[in-house]
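# Topology and contacts: notes
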Amino acid sequence: MTGLSEEILSEMKEAVIRGDAKRAEELARQSLEMNIDPMKSIEQGLAAGVREVGQKFECGEAFIPNLFMAGNAMKAGMVVLEKAIPMANYKQFTRGKIVIATVAGDIHDLGKTLVSTMLNSNGFEVNDLGVDTPVSKILDAARDKKADIIALSSLMTITLPGQRDLIDELKRRGIRDHYKVLVGGGAASERWAAEIGADGYSSDAKGAVSKATKLVELIPH
Ligand code: B12
């Protein structure tokens, strides 16, 4: 990567930290003009900024409004960058169908949206149900869309049990083997995934794609 590209990504990160949505959007445009890979700009520019604000929040140097503004700045940049990410054409080919949601009580959407975009650009047909999604709504969508995989995001310890609730409900209905369940989000972990009997876990969007790819290979067609 050239020095100039590094400079843009670092400016993008700073714009998110300041919560400057307009600048984040401008820099996203510039990065595309400079042919910087949009996924790289999202990860190393926008998301890096949000993560740094998160760290500042943890040590009392940033507050809820800062998190909000950083989140909005990331979204503004994402709108521009997403358009440059080639999306799958399901009519020709689909690697599998995924229903994804952030669990009930949790309104964090940046990471889930990033995972959703990455899955889509890698050939999966993705139905993103958004945030604060009850188990019943996720299961209805999974049935209606004939999903292969249900992907769940949770950023808070308090909402994490929502992932277990979904798996328990699948078992209660006798349909646990109808879907593979992939879990993630800051509050989840490999250990948690094993504890609740999920089929896969990943700590990031790239890993989510490789886990999903492995999971669909396991489904008998
Ligand atoms: C931005 C942010 C917000 C923004 C969210 C904006 C938005 N539109 O999403 C706002 C301001 C709204 C917010 C609100 C709150 N937040 Co907040 N927030 C954050 C922060 C700083 C960053 C999260 C983020 O977007 N990261 C960037 C993205 C790109 O990364 P990511 O989410 O981790 O996602 C990646 C991976 O986890 C993974 N992944 C994500 N989902 C999935 C799904 C699958 C299937 C897979 C495989 C992978 C995967 O891939 C992603 C891409 O690499 C975190 C701090 C942190 N360290 O995470 C706190 C944090 C999550 N928030 C926290 C809290 C407490 C809150 C509030 C309760 C605060 C309050 N008192 O009001 C509210 C919650 C309201 C609610 N009911 O949900 C706590 C949670 C603590 C805990 N462990 O329970 C954290 C950890 C901060 C802290 N250290 O205290 N927040």
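Residues numbered from 1 in each chain as written. Predicted model: local features only at pLDDT ≥ 70, side-chain atom pairs only at ≥ 80, totals over all residues. Heavy atoms only, no water.

### Examining unusual backbone geometry
A positive phi is found at N35, a non-glycine position, where the angle reads about 60°. Among the secondary structure elements, N35 is positioned in the loop between α2 (21-33) and α3 (38-58). Non-glycine residue D132 carries a positive phi angle of around 50°. By the secondary structure assignment, D132 is in the loop between β2 (124-128) and α6 (135-144). (Helix = DSSP H or I, 4+ residues; strand = E, 2+ residues; numbered from the N terminus.)

### Side note on helix α5 (residues 110-121)
Taking 1.5 Å per residue as the helical rise, α5 with its 12 residues ought to reach 16 Å, and the 17 Å between its terminal C-alpha atoms agrees with that figure. Here α5 lies mainly inside the structure; nine of its 12 residues are buried. Burial in α5 covers these residues: L110, K112, L114, V115, S116, T117, M118, L119 and N120. Where α5 is buried, its residues meet α3, α4 (64-82), β1 (96-102), β2, β3 (149-153) and α9 (205-217). (Expected span 1.5 Å × (residues − 1). Buried < 20%, exposed > 50% of the residue type's maximum accessible area, 1.4 Å probe, protein only. Contact = heavy atoms within 4.5 Å.)

### A few points about helix α1 (residues 3-18)
With 16 residues, α1 ought to run about 22 Å at 1.5 Å a step, and its terminal C-alpha atoms sit 22 Å apart, in line with that. When we look at burial in α1, the residues that qualify are S5, I8, L9, M12, A15, V16 and I17. Just past α1, the residue G19 takes up positive phi, approximately 75°.

### Topic: the site of the ligand
In the region of the ligand, 37 residues are neighbours, and I107, H108, D109, S153 and T157 sit closest. A distance of 3.4 Å is found between an oxygen atom of the ligand and a backbone nitrogen or oxygen belonging to L110. Between the ligand and G185, the relevant distance is 3.4 Å, taken from a nitrogen atom to a main-chain nitrogen or oxygen of the residue. Residue assignment for the shell around the ligand shows that the elements contributing at least two residues are α3, α4, α5, β3, β4 (180-184) and α9. (Near = heavy atom within 4 Å. Polar contact = N/O pair within 3.5 Å; in protein donor to acceptor, adjacent residues only side chain to side chain.)

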